[in-house]
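# Structure assessment
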Amino acid sequence: MNEEPRSARCYALVPAAGIGERSGAGMPKQYVEIAGRPMLAHTLAALAAVPRIAATLVVLSPADERFEQALPGYGGWVARVGGASRADSVLGGLAELRRRGARDDDWVLVHDAARCLLKPAWVDALIDACEHDAVGGLLAQPIADTLKAGDADGRVTATVDRRDKWAAQTPQMFRLGLVERALAAMGAAATDEASAVEALGFAPRLVRASMANFKVTWPEDFELAARWLHQVGPSSK
Ligand SMILES: Nc1ccn([C@@H]2O[C@H](COP(=O)(O)OP(=O)(O)OP(=O)(O)O)[C@@H](O)[C@H]2O)c(=O)n1
Ligand SMILES: C[C@](O)(CO)[C@H](O)COP(=O)(O)O
């Protein structure tokens, strides 16, 4: 079938099919209320405030029974195609984007549901930096602390040179065709999209964001995120 010519679009894909084990919340952490709204609602609001994103797809677990109650009336794209690993969930979402008309050369910005402090301005900075790039890239933050390697007993085994080290964040922005091929090749071992793309021999662009774009992972992170949202307010710019 011949496809109508059009310029590349930007889609967002939000993997939200995890169980949040490390958070200790006793429920998938994306539904824990932070500053009066489920974490996932904050994340989706930030993406919705980026006009260059044509549509956002939320990837849920097939067993998810909370979404409709947590985000009543949500009008965006939702698909219950999550898998056992984050990479599986993203791959399921990419196939769903194709079913909804996305093409090989469209950009996909994969963003963790668990990074609920995202600011639209950081997403715009990522798109500005990557939309004419041959590979794509990711938000990231240079490491500010001295970096240690440790053993199973919690003892330092080495101090690691941090000068060229960055903490990878999301969104991570790649062409649909490239990131799909990369994740399919690497499978569940890919903890982010960039590592899969790197394994194909490409060098994704690092786009500096902020430590505030942290991933709510541990129990204490909920309070940190709530304080931020109460003091700074929801992500509108
Ligand atoms: N099988 C999976 C695992 C993770 N994720 C999503 O990937 C993002 C980042 O993963 P992480 O912070 O590790 O979340 P969880 O897997 O839920 O947490 P944990 O590892 O503590 O169980 C989250 O938005 C999570 O919902 C997903 O969609 N599908
Ligand atoms: C994608 C990610 O947030 C980049 O830092 C991270 O790799 C997710 O890791 P997790 O193992 O799912 O916590």
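- The name given to the protein in an unreviewed UniProt entry is 2-C-methyl-D-erythritol 4-phosphate cytidylyltransferase, with Pelomonas nitida as the source organism.
- Comment text from UniProt for the protein, heading Catalytic activity (unreviewed entry), reads "2-C-methyl-D-erythritol 4-phosphate + CTP + H(+) = 4-CDP-2-C-methyl-D-erythritol + diphosphate".
- According to the UniProt record, the Function (unreviewed entry) comment for the protein is "Catalyzes the formation of 4-diphosphocytidyl-2-C-methyl-D-erythritol from CTP and 2-C-methyl-D-erythritol 4-phosphate (MEP)."

### A closer look at the side chain of Asp112
- Mapping Asp112 onto the fold places it in the loop between β6 (107–110) and α4 (120–130).
- If we ignore the near neighbours within four places in the chain, the residues touching Asp112 are Val14, Pro15, Thr43, Arg86, Thr170 and Lys215.

### Regarding the site of ligand 2
- Close to ligand 2 lie Arg22, Arg86, Asp112, Arg115, Ala168, Thr170, Thr191, Asp192 and Lys215, which account for all nearby residues.
- Ala168 is positioned with one of its backbone polar atoms (N or O) 2.6 Å from an oxygen atom of ligand 2.
- Thr191 is positioned such that a nitrogen or oxygen atom in its backbone is 2.9 Å from an oxygen atom of ligand 2.
- Notes on ligand 2: free accessible area 360 Å², of which the protein chains cover 74%.
- Looking at side-chain class alone, the shell around ligand 2 contains 1 nonpolar, 2 polar and 6 charged residues.

### Points about the site of ligand 1
- Around ligand 1, 18 residues are found, and the nearest of them are Gly20, Glu21, Arg22, Lys29 and Ser89.
- Between Pro15 and ligand 1, the recorded distance is 2.9 Å, taken from a backbone N or O atom to an oxygen atom.
- Surface burial for ligand 1 is 87%, taken as the share of its 560 Å² of free accessible area covered by protein chains.
- Among the residues forming the shell around ligand 1, the class breakdown is 7 nonpolar, 5 polar and 6 charged.

### What to know about the pattern of salt bridges
- All told, the structure shown has 17 salt bridges when counted by the stated rule.
- The shortest N-O distance in the salt bridge between Arg6 and Asp106 comes to 2.9 Å. Taken together, the residues Arg6 in the segment before β1 (10–15) and Asp106 in the loop between α3 (86–99) and β6 connect sequence positions 100 residues apart.
- The partner of Glu68 in a salt bridge is Arg80, with the nearest N and O atoms 3.0 Å apart. Of the two residues, Glu68 is situated in helix α2 (residues 67–70) and Arg80 in the loop between β5 (77–79) and α3; the sequence distance between them amounts to 12 residues.

### Quick look at the UniProt feature "site: Positions MEP for the nucleophilic attack" (unreviewed entry) in the protein
- Listed under "site: Positions MEP for the nucleophilic attack" (unreviewed entry) in the UniProt record, and renumbered for this structure, are Arg162 and Lys215.
- Mapped onto the elements, Arg162 comes out in the loop between β9 (156–160) and β10 (166–175).
- Given the relative accessible area of 34%, Arg162 is considered partly exposed.
- Leave out the neighbours within four places in its chain, and Arg162 touches Ile143, Ala144, Asp145, Thr146 and Leu147.
- For Arg162, the side chain forms a polar contact with the main-chain oxygen of Asp145, separated by 3.1 Å.
- Along the chain, Lys215 falls in the loop between β11 (205–208) and α7 (221–232).
- In this structure Lys215 comes out as partly exposed when scored by relative accessible area, which is 25%.
- With near-sequence residues (within four places) excluded, Lys215 lies in contact with Arg22, Asp112, Ala114, Arg115 and Asp221.

### Looking at the packing of aromatic side chains
- One pass over the full model with this rule turns up 2 aromatic pairs.
- Seen from their ring centres, Tyr11 and Trp77 are 6.0 Å apart, and the 25° between their planes marks the pair as stacked. In this pair, Tyr11 is assigned in strand β1 and Trp77 in strand β5, connecting sequence segments 66 residues apart.
- Ring geometry for Phe67 against Tyr74: centres 5.6 Å apart, planes inclined by 85°, an arrangement best described as edge-to-face.
- Of the residues examined, Phe67 reaches a relative accessible area of 3% and is grouped as buried.
- Over the ring of Trp218 we find Arg22, and its NZ or CZ is 5.6 Å from the ring centre.

Rules behind the numbers
- Residues numbered from 1 in each chain as written.
- Chains lettered and ligands numbered in written order.
- Predicted model: local features only at pLDDT ≥ 70, side-chain atom pairs only at ≥ 80, totals over all residues.
- Heavy atoms only, no water.
- UniProt positions renumbered as here; feature names shortened; annotations may be inferred.
- Helix = DSSP H or I, 4+ residues; strand = E, 2+ residues; numbered from the N terminus.
- Contact = heavy atoms within 4.5 Å.
- Near = heavy atom within 4 Å.
- Polar contact = N/O pair within 3.5 Å; in protein donor to acceptor, adjacent residues only side chain to side chain.
- Areas by Shrake-Rupley, 256 points an atom, 1.4 Å probe, with all protein chains shown as cover.
- Nonpolar A, V, L, I, M, F, W, Y, C, P; charged D, E, K, R; others polar.
- Salt bridge = Lys/Arg side-chain N within 4 Å of Asp/Glu carboxyl O.
- Buried < 20%, exposed > 50% of the residue type's maximum accessible area, 1.4 Å probe, protein only.
- Phe/Tyr/Trp six-rings, centres within 6.5 Å; stacked < 30°, edge-to-face > 60°.
- Lys NZ or Arg CZ within 6 Å of the ring centre and 35° of its normal.

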